[in-house]
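# Coordinate inspection notes
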Amino acid sequence: MNIRFLETVLWLARLRSIKATAEQLCITHTAISNRIASIEQDLGVKLFVRSEHGFEPTPEGLRFIDQAQVIIDAYHTLRRVMLDPGRLRGHVRLGAVSTLIPTVFPLLVRTVREEYPHVSLSVTTELSDRLLKELEAGRLDMALVSDLSANGAPFELTPLCSFSMDFVASPLLGVDCSQPLTPQDLARYPIIGYPSGTRSQARIESYFADEAQQTVVIHASAALPTNVQMVTSGIGIAAVPLASVQREVQQGSLVVLPVTKPFVAVHYVAAYIRNDQPGLARAVAALARQAASRYCEASDPAHAWQEERTDVFPENP
């Protein structure tokens with residue numbers, strides 16, 4: 001249970017509609033239902049009942065709402081005291097991997113605008129390895145990157161979220177999906193990968209490490225959108241975060257390939273220089289984690305999730 005869950009109860013009590021509440025909070029109907037069910041399960045009481053007027057609070061729900069309002073008011077008072085938006089001013093040069101641009105980044109921009117109106121952002125997209133080099137060279141203030149390639153460097157890390165990775169293909173390629181495919185089966189098709197020497201490509205090479213006898217053709221691109229376009233065109237298959245291709249899968253331009261060997265999940269962090277002054281990057285990194293949490297709550301938990309722990313993620317294999 002957290003503040004967003006409490007606010008969901010209050011909005012549902014006011015609007016009496018899951019659809020209207022979802023629109024108000026910019027999340028899915030399912031996320032609203034899951035939040036209410038989670039609180040009811042924790043407390044062992046029913047907060048709402050359905051009537052001809054919509055969702056109405058039960059007597060237990062009314063008691064909960066009264067106390068929840070007190071907690072929310074105290075929380076926002078604390079935030080105003082601790083996070084004076086007027087003291088944070090300036091520009092943050094942000095680098096981000098392309099996977100996060102259509103997923104977490106829009107929520108981050110909206111949150112920064114609301115929380116720190118005097119802070120502006122500019123964004124550069126690249127692979128994690130290159131973004132971290134730019135960060136260390138002082139040409140970026142913060143980088144939203146995959147895995148812990150920043151670990152051990154002069155960076156502070158804020159964990160963001162994890163995305164599952166699955167192989168996808170265009171129906172044009174004619175892949176037989178009637179049964180799970182082995183790495184050997186997948187290796188018969190061109191693999192859309194990433195530039196040699198990058199960690200993204202290393203994950204692909206590790207997956208096919210036991211298929212050395214196979215000729216695996218790698219078409220390398222540094223950008224996920226380019227890889228998705230190549231896969232959609234029927235050039236080959238690729239391992240991508242399902243969170244970033246939901247529209248293509250729903251439209252039928254991509255199909256998820258069943259496999260015998262799962263691909264490793266990819267973890268994302270916000271990295272910034274340890275001696276960050278005047279604290280702009282640290283503040284934006286905290287908002288990036290908040291934005292990632294909101295995105296995960298509105299997504300299928302099998303595709304995107306956030307660790308409860310506040311330290312760094314374990315290293316990817």
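What you see is a predicted model, and the numbers here were worked out from it, not measured in a lab. (Residues numbered from 1 in each chain as written. Predicted model: local features only at pLDDT ≥ 70, side-chain atom pairs only at ≥ 80, totals over all residues. Heavy atoms only, no water.)

Turning our eyes to something else, we now look at the nonpolar core. By size, the foremost hydrophobic cluster in this structure holds 73 residues, and its most contacted members are Leu-108, Met-142, Leu-144, Leu-160 and Phe-167. The dominant element in this core, judged by the number of residues it contributes, is helix 11 (residues 280-297), at eleven residues. If you count residues domain by domain, this core takes at least three from each of domain 2 (90-161 + 266-305) and domain 3 (165-256). With 22 residues, the next largest nonpolar core counts Phe-5, Ala-22, Ile-32 and Phe-55 among its residues. (Core = buried A, V, L, I, M, F, W, Y, C linked by side-chain atoms within 4.5 Å. Buried < 20%, exposed > 50% of the residue type's maximum accessible area, 1.4 Å probe, protein only. Helix = DSSP H or I, 4+ residues; strand = E, 2+ residues; numbered from the N terminus. Domains from an automatic or database assignment.)

Right, let's get into the sheet that holds strand 4 (residues 119-125). If you walk across this open sheet you meet the six strands as 4-3-5-12-6-13, and the pairing is mixed. Each edge of the open sheet carries a strand with a single partner, namely strand 4 and strand 13 (304-305). Bridge count for strand 6 (residues 155-163) against strand 12 (residues 266-273) is eight bridges, and the pairing is antiparallel. Bridging across to strand 12, Pro-159 finds its partner in Val-269. On the sheet, helix 5 (residues 105-115) packs against strand 3 (90-96), strand 4 and strand 5 (142-146) and is oriented at approximately 165° with respect to strand 4. (Pairing = 2+ DSSP bridges. Contact = heavy atoms within 4.5 Å. Axes fitted to C-alpha atoms, helices over the stretch in contact; angles between N-to-C directions.)

Let's shift gears to the pattern of salt bridges. Two side chains bearing opposite charge may form a pair once their charged atoms approach each other closely. In this structure the tally under the stated criterion is nine salt bridges. The salt bridge partner of Arg-35 is Glu-297, with a shortest N-O separation of 2.2 Å. Here Arg-35, found in helix 3 (residues 29-43), pairs with Glu-297, found in helix 11; they are 262 residues apart in sequence, far enough to count as distant. Relative accessible area serves as the criterion here: at 5%, Arg-35 is assigned to the buried category. As a salt-bridge pair, Arg-93 and Asp-141 come within 2.9 Å of each other at their nearest N and O atoms. With Arg-93 in strand 3 and Asp-141 in the loop between helix 6 (128-136) and strand 5, the pair connects residues that are 48 residues apart, well separated along the chain. On the basis of relative accessibility, which here comes to 32%, the residue Arg-93 falls in the partly exposed class. (Salt bridge = Lys/Arg side-chain N within 4 Å of Asp/Glu carboxyl O.)

Working definition: the strands of a sheet are paired by backbone hydrogen bonds and lie parallel or antiparallel to each other. Pairing is antiparallel in the open sheet, where three strands are placed in the order 10-7-11. This sheet does not close on itself; its edge strands, each paired only once, are strand 10 (238-241) and strand 11 (255-256). Two elements, strand 7 (residues 165-169) and strand 11, share two bridges in a ladder whose sense is antiparallel. Residue pairing across strands places Val-168 opposite Val-256, the latter belonging to strand 11.

What follows covers the pairing of strand 1 (residues 48-51). Relative to strand 2 (residues 54-57), strand 1 runs antiparallel, the two sharing four bridges. From the neighbouring strand, Arg-50 faces strand 2, where its bridge partner is Phe-55. In textbook terms, the turn of a hairpin is the stretch between consecutive antiparallel strands, and for strand 1 and strand 2 this stretch comprises two residues.

With that out of the way, let us pick up unusual backbone geometry. A positive phi angle, close to 65°, is found at Arg-16, a residue other than glycine. Within the fold, Arg-16 resides in the loop between helix 1 (3-15) and helix 2 (18-25).

With that settled, the discussion passes to the confidence of the model for the protein chain. Averaged over every residue, the pLDDT of the protein chain is 85; residues scoring 70 or more account for 87%. Contacts of residues 309-317 to residues separated by more than four positions or lying in other chains number 25 contacts, the stretch itself having pLDDT below 50. (pLDDT = per-residue confidence, 0-100.)

Moving on, we get to the packing of helix 1 against helix 2. At a closest axis distance of 9 Å, the pairing of helix 1 and helix 2 adopts a crossing angle of 130°. With respect to each other, helix 1 and helix 2 are oriented oblique. Helix 2 is crossed by helix 1, and the crossing has right-handed handedness. Listed contacts from helix 2 to Thr-8, Trp-11, Leu-12 and Leu-15 of helix 1 are Ile-18, Ala-20, Thr-21, Gln-24 and Leu-25. In the contact of helix 1 with helix 2, the residues fall into six nonpolar, three polar and no charged. (Parallel < 35°, antiparallel > 145°, perpendicular 65-115°, else oblique. Left-handed = near helix turned anticlockwise from the far one by under 90°. Nonpolar A, V, L, I, M, F, W, Y, C, P; charged D, E, K, R; others polar.)

Within the secondary structure, Asp-300 sits in the loop between helix 11 and strand 13. Considering only alpha carbons, one finds Asp-300 and Ala-243, 57 residues apart in sequence, at a separation of 8.4 Å. Among the polar contacts made by the side chain of Asp-300, one reaches the main-chain amide nitrogen of Ala-302 at a distance of 2.8 Å. (Polar contact = N/O pair within 3.5 Å; in protein donor to acceptor, adjacent residues only side chain to side chain.)

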